[in-house]
Amino acid sequence: MAISRIFRRERLDNYLQSDKQFAKTMTAKDLMSLGIGAVIGTGIFILPGTIAAQYSGPGIVLSFLIAAIVCSTAAMCYAEFASVLPVAGSAYSYGNLVFGEVIGWVLGWALILEYVLAVAAVSTAFGAYFNSFLAGFGLHLPKAVSGSFDPAHGTYGNLVAILVVLLISWLLNRGMRESMRVNDTIVIVKIAIIILFVVVGVFYVRPSNWQPFAPFGAHGILRGASTVLFAYLGFDVVSASAAEVKNPRRNMPIGIIGTLIVATVLYMLVAIVLTGMVPYTKLNVADLVAFALTLVHQNWTSGIISLGALAGMFTMMVTMIYSSSRLIYSVGRDGLLPKFLGKIDRQTGTPKNSLAVITVVIALLGGFVPLAQLTNLVNIGTLVAFLFVSFGIIRLRHLPEMPHNSGFQVPFYPVLPIISGCLCFYMMLQLPAETWIASTIWFALGLTIYLTYGVRHSRLNDQD
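Rules used in this analysis
- Residues numbered from 1 in each chain as written.
- Predicted model: local features only at pLDDT ≥ 70, side-chain atom pairs only at ≥ 80, totals over all residues.
- Heavy atoms only, no water.
- Axes fitted to C-alpha atoms, helices over the stretch in contact; angles between N-to-C directions.
- Helix = DSSP H or I, 4+ residues; strand = E, 2+ residues; numbered from the N terminus.
- Parallel < 35°, antiparallel > 145°, perpendicular 65-115°, else oblique.
- Nonpolar A, V, L, I, M, F, W, Y, C, P; charged D, E, K, R; others polar.
- Buried < 20%, exposed > 50% of the residue type's maximum accessible area, 1.4 Å probe, protein only.
- Contact = heavy atoms within 4.5 Å.
- Pairing = 2+ DSSP bridges.
- 1 Å grid on protein atoms, 1.4 Å probe; cavity = no way out; pocket = protein on both sides within 12 Å on 5 of 7 lines; lining within 4 Å.
- Points joined across faces, edges and corners; volume = space filled by probe spheres on them.
- Salt bridge = Lys/Arg side-chain N within 4 Å of Asp/Glu carboxyl O.

### Topic: the packing of helix H5 (residues 60-84) against helix H11 (residues 248-277)
Then comes step 1: Viewed as axis vectors pointing N to C, H5 and H11 meet at an angle of 170 degrees, and their least axial separation amounts to 9 Å. By the angle between their axes, H5 is roughly antiparallel relative to H11.
Then comes step 2: Residues that form the contact of H5 with H11 fall into these classes: 21 nonpolar, four polar and one charged.

Spelled out as structure tokens, the structure:
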């Protein structure tokens, strides 16, 4: 097999022809709802306090701002790709179009890792949180169906984790119009609950709690920024919906960059209020927001915040399961996975086969497998995609057959894409050694599948 074969690039018109079967129903508002649903999860109720206590102090607000600036560089690269190349598959398809099939496969394999593990882990957390929520009303599920498969401790599966994944899959199977209505409603509820906390909490702010503002110095603020950077990961899933968006050249940049702006404002508001309500030294707790509200005798608000946490996890899973089904569809469309995965249901305009397969995989992982040691792999999968998308902008601009000057363009080209790629690489270097070892095994498995199955069944073979 010649090296030139595996670096052959897909043609944009082939992708556009395949993806035109999708119903184009999504607007800029839907895209922002999708992005906010992914980015603003339970982390907003936990992360600010943990980072403030360990690294940044009240300066956590600057940590969030710096992290947002860093993420905005990658977000603008995604926005250009999504507006110029309105195809399903996000970074996987971009890699195929500008670098070649083997790079596209690696990016797709990285994103599969990100999406599957992220949703499985959150479904497990949703199950645990939902059980605690029921316990507040004196209701309890049997222990046997309340945890991962661990007979020694009396648990055989997480029933709630499995059921919530199946419910979301059922919603997505009904079509994007119906799914977006549900997602939009829950996102609005989630934002309203966050605003409620800010409005209630601001009356209990003591400016003296903001002193000293940076107890660990500038280094602490920067260390905090490198940690909270992962709070923003998720806006990339918006680009997976490009084939289903009305006027993608206009709406994709609004959806991606708008998501980042809204997320930054919400994170900073929560951080300001939390560190003003409670001394930063006391904020390293698991139930951060509930702890702060209980401390100021606002127990009723604490219960409402619990609903916000459940809503945050639910919308995150909606977004990720949706995006992963489009990713699997895209790989199947190209023949690198079985082609039945690349089929679109004519009635609903959704990839039912890929959605069914990804649902089963996520439900099994979330319901039966302990995932605590695997969640760091989510970060490396995301950063690999960010890295190639950032440098891919330079490659995109130099390909004469690609559309140019027809959508959003990254400013300060080529400096900003280079800065974005270097920042992503730096963040990858901060990950622990065990993450690199596990990801090496994952990518080796992926390349084995590509070389033994993908190359033989790729639709690029039909063009030889």
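### Remarks on the side chain of aspartate 184
Then comes step 1: When you line up the elements, aspartate 184 lands in helix H9 (residues 176-201).
Then comes step 2: Taking relative accessible area as the criterion, aspartate 184 reaches 12% and is therefore assigned buried.
Then comes step 3: Excluding its chain neighbours within four sequence positions, the residues that come into contact with aspartate 184 are Lys29, Asp30 and Ser33.

### With respect to the pairing of strand E1 (residues 146-150)
Then comes step 1: One ladder, built from three bridges, connects E1 with strand E2 (residues 155-158); its direction is antiparallel. Each bridged residue has a counterpart across the sheet, and for serine 146 the counterpart in E2 is asparagine 158.
Then comes step 2: Remark: four residues form the turn of the hairpin made by E1 and E2, two consecutive strands paired antiparallel; glycine 154 in that turn has positive phi of roughly 80 degrees.

### Focus: empty space enclosed by the protein
Then comes step 1: Summed over all chains, the structure comprises two cavities of 30 Å³ or more.
Then comes step 2: In this structure, the largest cavity occupies an estimated 60 Å³ of space.
Then comes step 3: Lining of the largest cavity is provided by Val70, Cys71, Thr73, Ala74, Leu229, Leu233, Leu383, Phe386, Ser420, Leu423, Cys424 and Met427.
Then comes step 4: Residue assignment for the lining of the largest cavity shows that the elements contributing at least two residues are H5, helix H15 (376-397) and helix H16 (415-429).

### Focus on the pattern of salt bridges
Then comes step 1: Within this structure, the stated rule accounts for 10 salt bridges.
Then comes step 2: Aspartate 334 is paired through a salt bridge with arginine 459; the nearest N and O atoms lie 3.6 Å apart. With aspartate 334 in the loop between helix H13 (299-333) and helix H14 (352-368) and arginine 459 in the segment after helix H17 (433-457), the pair connects residues that are 125 residues apart, well separated along the chain.
Then comes step 3: Classification of aspartate 334 as buried rests on a relative accessible area of 2%.
Then comes step 4: Through salt bridges with shared partners, a single network forms among Glu10, Asp19, Arg333, Asp334 and Arg459.

### What to know about the packing of H5 against helix H6 (residues 91-98)
Then comes step 1: Here H5 crosses H6 at 70 degrees, and the two axes come no closer than 11 Å. The orientation of H5 relative to H6 falls into the category roughly perpendicular. Taken together, the residues of H6 that come into contact with H5 (itself represented by Tyr78, Phe81 and Ala82) are Ala91, Tyr94 and Val98.

### Comments concerning the layout of surface pockets
Then comes step 1: As a volume, the second largest pocket reaches approximately 350 Å³.
Then comes step 2: Lining the second largest pocket are 17 residues; nearest its centre among them are Trp109, Ile112, Val116, Val361 and Trp442.
Then comes step 3: At the level of secondary structure, the elements contributing two or more residues to the lining of the second largest pocket comprise helix H7 (101-135), H14 and H17.
Then comes step 4: The element contributing the most residues to the lining of the second largest pocket is H7, with five residues.
Then comes step 5: Residues belonging to the lining of the second largest pocket are distributed by class as follows: 17 nonpolar, no polar and no charged.

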